[in-house]
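Report on the structure
Read off the chains here:
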Amino acid sequence: MNTRFDSYRETTPGRANVGDSPDLLAYYGRLSELGAGALWTVANKIEPWQPVPHSAPMIWRYLDLREAVLRALKLVSPEEAGRRVIYLANPNRQDVAAAVGWLYSGLQVMAPGECASSHRHSASALRFIMEGSGAFTNVDGHKMTLGRNDFVLTPNGTWHEHGVAENGTNCIWQDGLDIPLVNALEAGFYEVHPDLRQAISYPIDESSSMWGSPGLRPAGADWQRRYSPLLKYEWEPTYEALCRYAAVYDGSPFDAIHMDYVNPATGGPVMTTMGASIQMLRPGERTRAHREVGNFVYQCAKGSGWSIINGQRYDWSERDIFVVPSWTYHEHGNSSQTEDTCLFSFHDLPAMRALGLYRQEALGENGGHQPIT
Ligand SMILES: [Fe+2]
Ligand SMILES: [Fe+2]
C-alpha cells in the first residue's frame, strides 16, 4: 500500500502540492475506510499535463510473422477457434489485448474451402487483405469478394462471416477492431448466429456497385445507419486516387498524399469509432514530424520506407505492420528513389473527434512545439 501521499506533488501554482503529516495520514486512512479519498493526493497523477500513452511503439515484420501465421492452419480449425487469428500484442497492453491504445489487431488465416461461423458483436471491425485469392466476406447478407489491398468494413452489430472459395489459395488478412475500447466502456455484446451461416440477400459485390463510384451516389438513396453503406473499398481505384492527387498537389507536410476512406452517404468516417486512411510517399519523400491525440495501426501496402516514432527509426517494407501511440511524434520516409510507397492505417480518430478530444501538434524546426491550425 502507498503510504506516501505526497509523491505526486507539483510546485506549479494550481497543481496539488500537499505534504504528508501524521494528521493528514490519519485523515486519509479514515477516508479510505469510508470508500473515499482526497483528490489532492492523486490529482496530478490522474490528470497529467498531456496524454501519457502506455503503449510501446512497435513493428511486426511480415517476414517473421507469416510463417507462424500459416502454421496455425495445421494446428487449429476455424470451427475450434471460432476465428483463426494471431493477434498483435503490445507488451504494455497485454491486459487488454491491444496492439496500441484501445485498438486490437490480428492476422487471420484461412485455407480454400474454409468458412468461419457467422457472428456479430458490439465491437466495430475492419480488414485489409494481405495475400491470397478467393477470400470473401458476408456482412448482413452483402457478400463481397476480396482481393489484395482491399479494405473491408464489418460495422458493429452486423452479422458477418469470412471464408475462402474452394478454388482459392491460403488467404491472410489483417483484422482491426475496437474491442479494447468497447470493453473499457463496458459495452460489449457477442452473439453467434443461430444457424452458424447467414443467407446471401443481395447480388455479390452489390455494395461496391451501388456506392463505390467516386463522386457519385445513387440518387434519392436513403441510408440511415451510422456506418458507411460502402462496405468494400477496392485497391485499384484507391491507388489511382492517390496517384491523381499526387500529380496535382504536394499534400500534407506531415502525411504526404493522405486520403481518408469515407462514408459516401455523409463524407464522414466509415464507422463511428474507427476510421481508416491511405497515404502515399513519392520517391525519396520524407515528411515532417507531428503528433496527434489518437492511436494508429499502419500496414505498408506497397513499397518500403521507414518511420521515426518517438525518436527511434523503424524500417518497414510491404506487409509490415507498425503502431504509433497517441500523442507520439512520428514522421515517415520513402526509402526508394524510384518507386512510391503506400501506407494503410486505421485509427480511433472518429472516437476522439466525436468526444471533442482531438488535437495535433507539429515538431518545430528548433525542436519546439507548434500548434497546427
Ligand atoms: Fe467478428
Ligand atoms: Fe501522421
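Here the structure is a predicted model, which is why all the values come from computation and not from measurement. (Residues numbered from 1 in each chain as written. Chains lettered and ligands numbered in written order. Predicted model: local features only at pLDDT ≥ 70, side-chain atom pairs only at ≥ 80, totals over all residues. Heavy atoms only, no water.)

Attention now goes to the overall build of the protein chain. Counting its secondary structure elements, the protein chain contains 8 helices and 23 strands. Taking 2.2 N^0.38 as the reference for a compact globule, 373 residues should give roughly 21 Å; the C-alpha atoms of the protein chain span a radius of gyration of 23 Å, in line with that estimate. For the protein chain, the share of sequence-separated contacts (at least 6 apart) that also reach a separation of at least 24 residues comes to 74%. Accessible surface for the protein chain amounts to roughly 18,400 Å². Of this, 52% is attributable to carbon and sulfur atoms. Charge-centre separation for the protein chain: the mean point of 31 positive side chains lies 2 Å from the mean point of 42 negative side chains. (Helix = DSSP H or I, 4+ residues; strand = E, 2+ residues; numbered from the N terminus. Rg over C-alpha atoms; globule rule 2.2 N^0.38 Å. Contact = heavy atoms within 4.5 Å. Areas by Shrake-Rupley, 256 points an atom, 1.4 Å probe, with all protein chains shown as cover. Lys, Arg positive; Asp, Glu negative; His and termini not counted. Charge placed at Lys NZ, Arg CZ, Asp CG, Glu CD.)

With distances of 2.1 to 2.2 Å, the protein atoms coordinating the iron ion (ligand 1) are His119 (NE2), His121 (NE2) and His160 (NE2). The sequence pattern describing where the donors of the iron ion (ligand 1) fall on their chain is H-x1-H-x38-H. Across the pair, His121 and His119 agree in class, each one buried. (Donors = N, O, S within 2.8 Å, 3.2 Å for Na, K, Ca; no water. Buried < 20%, exposed > 50% of the residue type's maximum accessible area, 1.4 Å probe, protein only.)

Here the focus is the coordination of the iron ion (ligand 2). Surrounding the iron ion (ligand 2) are the protein donor atoms Asp255 (OD), His290 (NE2) and His330 (NE2), at 2.2 to 2.6 Å. Of note, the iron ion (ligand 2) draws all its donor residues from one chain, in the sequence arrangement D-x34-H-x39-H. Note that Asp255 is positioned in the loop between α7 (235-248) and β13 (257-260) and His330 in strand β20 (residues 330-334), a separation of 75 residues in sequence. Judged by relative accessible area, His330 falls into the buried class, the value being 1%.

Counting through the fold element by element, Asp150 comes out in the loop between β7 (142-146) and β8 (151-154). One buried charged residue, Asp150, forms no salt bridge at all, with the nearest opposite charge on Lys232 at 4.5 Å. Separated by 2.8 Å, the side chain of Asp150 and the backbone nitrogen of Gly147 make a polar contact. Sequence-distant contacts of Asp150, that is, excluding residues within four places in its chain, are made with Arg127, Phe128, Ile129, Thr145, Lys232, Tyr233, Glu234 and Trp235. (Salt bridge = Lys/Arg side-chain N within 4 Å of Asp/Glu carboxyl O. Polar contact = N/O pair within 3.5 Å; in protein donor to acceptor, adjacent residues only side chain to side chain.)

Bringing the sheet that holds strand β16 (residues 296-302) into the picture now. In space, the 6 strands of this open sheet follow the order β1-β19-β16-β21-β14-β13, with antiparallel pairing throughout. Lying at the two open borders of the sheet, with one neighbouring strand each, are β1 (58-60) and β13. Within the sheet, the average angular offset between the axes of one strand and its neighbour, ignoring direction, is 25 degrees. Direction of pairing for β1 relative to strand β19 (residues 321-324): antiparallel, over a ladder of 3 bridges. Following the sheet pairing, Ile59 is matched in β19 by Phe322. Across the sheet, α7 is in contact with β13, β14 (275-281), β16 and β21 (341-347); its angle to β14 comes to roughly 55 degrees. (Pairing = 2+ DSSP bridges. Axes fitted to C-alpha atoms, helices over the stretch in contact; angles between N-to-C directions.)

This part covers the side chain of Gln198. Structurally, the position occupied by Gln198 is in the loop between β11 (190-192) and α6 (206-211). Reaching out from Gln198, the side chain makes a polar contact with the backbone oxygen of Trp159 at a distance of 3.2 Å. There is a polar contact of 3.3 Å between the side chain of Gln198 and the side chain of Glu161. In contact with Gln198, other than residues within four places in its own chain, are Ser118, Asn138, Val139, Asp140, Gly141, Trp159, His160, Glu161 and His193.

A few words on the domain arrangement of the protein chain. Partitioning the protein chain into structural domains gives domain 1 (6-46) and domain 2 (58-371). If you average the C-alpha positions of domain 1 and of domain 2, the two centres end up 44 Å apart. (Domains from an automatic or database assignment.)

One can find Ser277 in strand β14. Using a relative accessible area of 2% as the deciding quantity, one classes Ser277 as buried. Put simply, Ser277 and Val262 are 15 residues apart on the chain and 8.8 Å apart in space, counted from C-alpha to C-alpha.

This next bit is on the packing of aromatic side chains. Applying the stated criterion across every chain yields a total of 15 aromatic pairs. The interplanar angle of 20 degrees and the centroid separation of 6.1 Å between the aromatic rings of Phe296 and Tyr298 together place this pair among those described as stacked. Each member of the pair, Phe296 together with Tyr298, is buried. Relative to Phe322, the ring of Tyr298 lies with its centre 4.8 Å away and its plane at 10 degrees, an arrangement referred to as stacked. With a gap of 24 residues between them, Tyr298 in strand β16 and Phe322 in strand β19 connect regions that are remote in the sequence. (Phe/Tyr/Trp six-rings, centres within 6.5 Å; stacked < 30°, edge-to-face > 60°.)

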